[in-house]
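What follows is the residue order along each chain.
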Amino acid sequence: MTTSPELQPTDTVRIPRGVRLREDKARGGWVLLAPERVFQLDPIAREVLTRVDGERTIADIVDDLAAAFDAPRERILTDVRAMLLDLMTKNVLEVV
Amino acid sequence: MTEAMAEYRRDTVSSTAKPVPQPPIGMLAELTHRCPLQCPYCSNPIELTRKREELDTDTWRRVFRQAADMGVLQVHLSGGEPAARPDLEALIASCVESGLYSNLITAGVNISRARLDALADAGLDHVQLSVQGATAEVNDRIANLPGAFDKKLAFARNVTDVGLPLTLNSVIHRHNLHQIPDLVELAVELGARRLEIAHAQYYGWALENRAALMPPREQVMEALELVEAARERLKGKLVIDAVVPDYYARLPKPCMNGWGRQSLNVTPAGKVLPCHAAETIPGLEFWNVRDHGLNEIWRDNPAFNAYRGTDWMPDSCQSCDRREIDWGGCRCQALALTGDATQMDPVCELSPYHDEVQVLAIRDAGRDDDFRYRRFAAAPR
């Protein structure tokens, strides 16, 4: 398993105060609301972020996704970690 | 995943009438024009609204509900100084009730720790604090309020102590341009997650004070590089957003990301505007939330439809590849610099006025005018 130095499968991440995940009924879909920014989430990003609760590790989330979508775990881990790292760079996600 | 500020998919089915506009994402709620600061580039109009004309608590509550119902996601509680309103806690609670993300835009000089606790308890999501400079000397002179800087620092520490995310915002001009590296350090030191380096935009008060504010071209270019370097260096630690100084630019800014396209403004007296300065454009009648529903205004007020989309554009804009990138630039700037709001933004290098704007900027940058501070009852020129 390849691991990134910045984010390990054993890490737990959370959506920090000041960032909110909610449904966008007017336009459809879900959004992440951050200071002066709105991120429109695609269905995959939504599946990942609704599982981010500040308690489950990244590995837990990946296991859950692999089971729910019957998809290869390795591939999911790679995608999820890339996405979460990107959100950390944008200051809308943090490691607990 | 895409940043929604960039583009929302348009899937309106239109019959004979104009297509229904997509709902706005953000709303600026200017709760009051009262403010302890007197910044000479204030975005409020020259003719300020008095306290007795301000909307009451219940009307604002109604506006927030209507905003949420029509699809607004974020509300920026601004002013003047929004904390001058004793009902700010109630207004934040009302945003929370409607599911709106609430952002407080404050000068930070009149909010005690106890008040801040109350605002946080009401459910405030984020605080944006203005600083006029990176030192007390510069800050207090521009704000025209001795002691303001120290109060701002104390407030910023309270914000991070309470656990609320903090953005620092600084409007940049000739008198503080040299402090950009210090502003970056200050933001980091205060624990801000975001810094706005916003070059002054010349409307209203800033237009009045242009000859006292306009920085020289070389310094502006240097500043842009400094900001870029800091952004790279602090990636993941501090988000730096820049508002560009457009008088020296070749291409216009996508002002408001298009007129009546993503956001709206409600003034202290309840008028609904596409942007801060829209009232400077003659011939537009802006409807009031006292008389109309917010969605009705957004959809049907002729003022909102006047420059919406691309149909209103001059031919040279309509045939330009950038027409849905910069949306023709800024209508208020076209008016201020050419006398005609339907002109292409004269910042654009394709505008016949482009060279004049450059000359104007260079001329004003070389002058040494005093500030005309923002005050009530200051008669227009």
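Residues numbered from 1 in each chain as written. Chains lettered and ligands numbered in written order. Predicted model: local features only at pLDDT ≥ 70, side-chain atom pairs only at ≥ 80, totals over all residues. Heavy atoms only, no water.

1. Considerations on unusual backbone geometry
Argument step 1. Along the chain, B:Gly79 connects to B:Gly80 via a cis peptide bond; the corresponding omega equals 10°.
Argument step 2. Counting through the fold element by element, B:Gly80 comes out in the loop between strand 3 (74-78) and helix 2 (88-97).
Argument step 3. The backbone of A:Glu36 shows a phi angle near 60°, a positive value even though the residue is not glycine.
Argument step 4. Relative to the helices and strands, A:Glu36 resides in the loop between strand 3 (30-34) and strand 4 (37-41).
Argument step 5. Judged by its relative accessible area of 27%, A:Glu36 falls in the partly exposed class.
Argument step 6. Although it is not a glycine, B:Met256 sits at a positive phi angle of roughly 55°.
Argument step 7. Mapped onto the elements of the fold, B:Met256 is located in the loop between strand 8 (239-243) and strand 9 (263-266).
Argument step 8. The class of B:Met256 is partly exposed, set by a relative accessible area of 33%. (Helix = DSSP H or I, 4+ residues; strand = E, 2+ residues; numbered from the N terminus. Buried < 20%, exposed > 50% of the residue type's maximum accessible area, 1.4 Å probe, protein only.)

2. As for the side chain of B:Asn44
All names here are of chain B.
Argument step 1. Checked against the element boundaries, Asn 44 lands in the loop between strand 2 (26-30) and helix 1 (57-70).
Argument step 2. By relative accessible area, Asn 44 is classed as buried at 1%.
Argument step 3. Within the structure, Asn 44 has its side chain in polar contact with the backbone oxygen of Gly 79 (distance 3.0 Å).
Argument step 4. A polar side-chain atom of Asn 44 sits 3.0 Å from the main-chain amide nitrogen of Gly 80.
Argument step 5. What Asn 44 contacts, discounting residues up to four positions off in sequence, is Glu 30, His 33, Gly 79, Gly 80, Trp 205 and Arg 374. (Polar contact = N/O pair within 3.5 Å; in protein donor to acceptor, adjacent residues only side chain to side chain. Contact = heavy atoms within 4.5 Å.)

3. Here we look at the pairing of strand 7 (residues 194-199) of chain B
Residues and elements named next belong to chain B.
Argument step 1. For strand 7, a buried count of 6 out of 6 residues is recorded, marking the element as mostly surrounded by other parts of the structure.
Argument step 2. Across the two faces of strand 7 the burial is the same, with Arg 194, Glu 196 and Ala 198 and Leu 195, Ile 197 and His 199 all buried.
Argument step 3. Of the pairings in the sheet, the one linking strand 6 (residues 166-172) to strand 7 comprises 6 bridges and is parallel in character. In the sheet register, Ser 170 faces strand 7, and the bridge partner there is Ile 197.
Argument step 4. In the sheet, strand 7 pairs with strand 8 via 5 bridges, with the strands oriented parallel. Residue Arg 194 lies in a different strand from strand 8, and its bridge partner there is Val 239. (Pairing = 2+ DSSP bridges.)

4. With respect to the nonpolar core
Residue and element names in this part refer to chain B.
Argument step 1. Ranked by size, the top nonpolar core spans 65 residues in total, and within it Met 27, Trp 60, Phe 64, Val 75, Leu 77, Val 266 and Leu 294 carry the most contacts.
Argument step 2. Beyond its immediate sequence surroundings of up to four residues, Phe 64 is in contact with Met 27, Ala 29, Val 75, Leu 77, Leu 91, Ser 94, Cys 95, Ser 98 and Leu 100.
Argument step 3. The next biggest cluster of nonpolar side chains, apart from the first, holds 26 residues, and it includes Leu 37, Cys 39, Tyr 41 and Ala 365. (Core = buried A, V, L, I, M, F, W, Y, C linked by side-chain atoms within 4.5 Å.)

5. Section: the confidence of the model for chain B
Residues and elements named next belong to chain B.
Argument step 1. Mean pLDDT over chain B stands at 93; residues scoring 70 or higher make up 94%.
Argument step 2. In this model residues 1-16 is a low-confidence stretch, pLDDT under 50, and it forms 39 contacts with partners more than four residues away in sequence or in other chains.
Argument step 3. Per the prediction output, this complex has pTM 0.92; the corresponding ipTM is 0.88. (pLDDT = per-residue confidence, 0-100.)

6. Re the environment of B:Lys151
Argument step 1. Positionally, B:Lys151 belongs in helix 5 (residues 148-162).
Argument step 2. Setting aside anything within four residues of it in sequence, one finds B:Lys151 in contact with B:Gly108 and B:Val109.

7. So, the pattern of salt bridges
Argument step 1. For the structure shown, the criterion picks out 34 salt bridges over all chains.
Argument step 2. Note that B:Arg115 and B:Glu89 form a salt bridge whose closest N and O atoms lie 2.8 Å from each other. A residue pair is termed long-range when its members are at least 10 positions apart, and B:Arg115 in helix 3 (residues 113-122) and B:Glu89 in helix 2 qualify at 26 residues.
Argument step 3. Owing to a relative accessible area of 17%, B:Arg115 belongs among the buried residues under this scheme.
Argument step 4. Notably, a salt bridge pairs B:Arg299 with B:Asp300, separated by 3.1 Å at the nearest N-O pair.
Argument step 5. Put simply, A:Glu47, A:Arg51, A:Asp53, A:Arg56 and A:Asp64 are held in one network by salt bridges that share partners. (Salt bridge = Lys/Arg side-chain N within 4 Å of Asp/Glu carboxyl O.)

8. With respect to the sheet that holds strand 4 (residues 101-106) of chain B
Residues and elements named next belong to chain B.
Argument step 1. Ordered in space as 8-7-6-5-4-3-2-9-10, the 9 strands form an open sheet in which the pairing is mixed. A strand with exactly one partner marks an edge of an open sheet, and here the two such strands are strand 8 and strand 10 (272-273).
Argument step 2. Pairing geometry for strand 3 and strand 4, over 4 bridges, is parallel. Bridge assignment links Leu 77 to a residue of strand 4, and that residue is Leu 104.
Argument step 3. Contacting strand 7 and strand 8, helix 9 (residues 217-233) crosses the sheet at an angle of about 160° to strand 8. (Axes fitted to C-alpha atoms, helices over the stretch in contact; angles between N-to-C directions.)

9. Points about helix 3 of chain B
Residue and element names in this part refer to chain B.
Argument step 1. If you check which residues of helix 3 are buried, you get Arg 115, Leu 116, Leu 119, Ala 120 and Ala 122. Along helix 3, the residues classed as buried sweep out an arc of 160° about the axis, all on the same side. Among the exposed residues of helix 3, those pointing more than 90 degrees away from its buried face are Ala 114 and Asp 121.
Argument step 2. Where the residues of helix 3 are buried, they touch helix 2, strand 4 and helix 5.
Argument step 3. Once helix 3 finishes, Gly 123 follows within two positions and takes phi at roughly 115°, a positive value. (Arc of directions from axis to C-beta.)

10. Some thoughts on the interface of chain B and chain A
Argument step 1. Residue-level contacts link 38 residues of chain B with 26 residues of chain A.
Argument step 2. Summed over both sides, the interface of chain B with chain A buries roughly 2,700 Å², with 50% coming from carbon and sulfur.
Argument step 3. Linking chain B to chain A there are 2 salt bridges.
Argument step 4. Its salt-bridge partner being B:Asp241, residue A:Arg37 comes within 2.8 Å of it at the nearest N-O pair.
Argument step 5. Linking chain B with chain A are 15 residue pairs in polar contact (both at pLDDT 80 or more).
Argument step 6. Looking at the side of chain B that touches chain A, the elements that each hand over two or more residues are strand 1 (2-3), strand 3, strand 4, strand 5 (126-130), strand 7 and strand 8 of chain B.
Argument step 7. The greatest single-element share of the side of chain B that touches chain A, amounting to 3 residues, is contributed by strand 4 of chain B. (Buried area = accessible area lost by both parts, 1.4 Å probe.)

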